[in-house]
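Remarks on the overall topology
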Amino acid sequence: MCGGFVTGQHADGKADFVTGLTKAAIEFGASRGISASTLEAMRVVGGRAQFDDGTHEAIVFRYLDRDENQVNYKARSIDGKRYKQAKGGKQCAYNWWQVAQGDLSAVYITEGEFDACALVEAGISPHSVISTPNGATAEEMEDPAEAKKYGWLIDAMEEGLAKAGRYIIAADNDGPGRAFRSDVVRILGPAKLDIPEK
């Protein structure tokens, strides 16, 4: 992998549908205030993806392990708002592979991949930003530490995130964002947390 291009197959074993950082993906990122250099830094690519209603041009967030092997992806259609992940793909923190290689002095935790990219665009290091792979829930979970929905965070904690100097939860100030913050605080504990007001 170099220059934002992908080789090999996706986690679901199907042939690659991504072709690199496409013009459509760059333009879609720009419409959300995210530059091509940030997309490349976050290993975002583009191409045509098969969704339930057919094939559409998409921006694709690659989920990589520490050896930069793709273990999952999330495709988001550029026309409309369709999402797809690899069938059987690993549910892990987006961009954890880069954060695990950083100094872990501060780790930003976001509600989504675009939010993670926006922080990098704003000057935060790609080695300091992760995201949930599956968005925020409408309401707080009864026991988030035991919920499958937060397995990505528990796994990251076991793989080294627990060593971070501090956590900054960057979530929207709506119902799902508040539920996400509350759940993440209950998993991480309040001692090293910073929750900026949006």
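Notes on the structure follow.

**Looking at the sheet that holds strand 8 (residues 167-170)**
- As summarised here, the arrangement of the four strands in space is 7-6-8-9, forming an open sheet in which the pairing is parallel. The strands lining the two open edges of the sheet, one partner per strand, are strand 7 (129-131) and strand 9 (193-194).
- Across two bridges, the pairing between strand 8 and strand 9 is parallel. In the sheet register, Ile168 faces strand 9, and the bridge partner there is Asp194.

**Topic: the pattern of salt bridges**
- Tallying each qualifying case throughout the model produces nine salt bridges.
- Taking the shortest distance from any N to any O, the salt bridge between Arg82 and Asp53 comes out at 3.0 Å. Of the two residues, Arg82 sits in the loop between strand 4 (70-77) and strand 5 (83-85) while Asp53 sits in the loop between strand 2 (44-51) and strand 3 (54-64), which places them 29 residues apart along the sequence.
- Residue classification places Arg82 among the partly exposed positions, given a relative accessible area of 22%.
- In this structure, Glu113 engages Lys74 in a salt bridge whose closest nitrogen and oxygen atoms are separated by 3.1 Å.

**What to know about unusual backbone geometry**
- A positive phi angle, near 60°, is found at Arg43, a position not held by glycine.
- Residue Leu104 is not a glycine yet carries a positive backbone phi of 60°.
- Structurally, the position occupied by Leu104 is in the loop between helix 3 (96-99) and strand 6 (107-110).
- According to the relative accessible area criterion, Leu104 is buried, its value standing at 12%.

**Here we look at the pairing of strand 3**
- Among the eleven residues in strand 3, nine count as buried, and that is most of the element.
- Relative to strand 3, strand 2 runs antiparallel, the two sharing eight bridges. When the bridges of strand 3 are listed, Val44 appears paired with Phe61.
- Two elements, strand 3 and strand 4, share seven bridges in a ladder whose sense is antiparallel. Residue Ala58 lies in a different strand from strand 4, and its bridge partner there is Ser77.
- Counted along the chain from strand 3 to the antiparallel partner strand 4, the turn is five residues long, and its residue Glu68 has a positive phi close to 65°.

**As for the pairing of strand 4**
- The buried fraction of strand 4 amounts to eight of the eight residues, a majority that puts the element mostly inside the structure.
- Note: strand 4 against strand 5, three bridges, orientation antiparallel. Looking across to strand 5, one finds that Lys74 is bridged to Gln85.
- Where strand 4 folds back on strand 5, the antiparallel hairpin that results is connected by five residues, among which Gly80 adopts a positive phi of roughly 85°.

**Points about the packing of aromatic side chains**
- Evaluated as defined, the whole model comprises five aromatic pairs.
- Ring geometry for Tyr150 against Trp152: centres 6.4 Å apart, planes inclined by 40°, an arrangement best described as tilted.
- On the basis of relative accessible area, Trp152 is assigned to the buried category, the value being 2%.
- Clustering of aromatic rings is evident, with ring pairs tying together Phe28, Phe61, Tyr63, Tyr94 and Phe114.
- Seen from the ring of Phe114, Arg32 lies directly overhead, with NZ or CZ sitting 3.9 Å from the centre.

**Quick look at the side chain of Asn95**
- Residue placement: Asn95 occurs in the loop between strand 5 and helix 3.
- Here the side chain of Asn95 touches Val129 through a polar contact of 2.8 Å, landing on its backbone oxygen.
- Once residues lying within four places of it in the same chain are set aside, the contact partners of Asn95 are Met42, Pro126, Val129 and Ile130.

**A closer look at the packing of helix 5 (residues 151-158) against helix 6 (residues 175-188)**
- For the pair helix 5 and helix 6, interaxial distance at closest approach is 11 Å and the crossing angle is 35°. Like other packed secondary-structure pairs, helix 5 and helix 6 cross with a definite hand, here right-handed. Contacts between helix 5 and helix 6 involve Trp152, Leu153, Ile154 and Met157 on the former and, on the latter, Phe180, Val184, Ile187 and Leu188.
- Its residues placed into classes, the contact of helix 5 with helix 6 shows eight nonpolar, no polar and no charged.

Criteria and thresholds
- Residues numbered from 1 in each chain as written.
- Predicted model: local features only at pLDDT ≥ 70, side-chain atom pairs only at ≥ 80, totals over all residues.
- Heavy atoms only, no water.
- Pairing = 2+ DSSP bridges.
- Helix = DSSP H or I, 4+ residues; strand = E, 2+ residues; numbered from the N terminus.
- Salt bridge = Lys/Arg side-chain N within 4 Å of Asp/Glu carboxyl O.
- Buried < 20%, exposed > 50% of the residue type's maximum accessible area, 1.4 Å probe, protein only.
- Phe/Tyr/Trp six-rings, centres within 6.5 Å; stacked < 30°, edge-to-face > 60°.
- Lys NZ or Arg CZ within 6 Å of the ring centre and 35° of its normal.
- Polar contact = N/O pair within 3.5 Å; in protein donor to acceptor, adjacent residues only side chain to side chain.
- Contact = heavy atoms within 4.5 Å.
- Axes fitted to C-alpha atoms, helices over the stretch in contact; angles between N-to-C directions.
- Left-handed = near helix turned anticlockwise from the far one by under 90°.
- Nonpolar A, V, L, I, M, F, W, Y, C, P; charged D, E, K, R; others polar.

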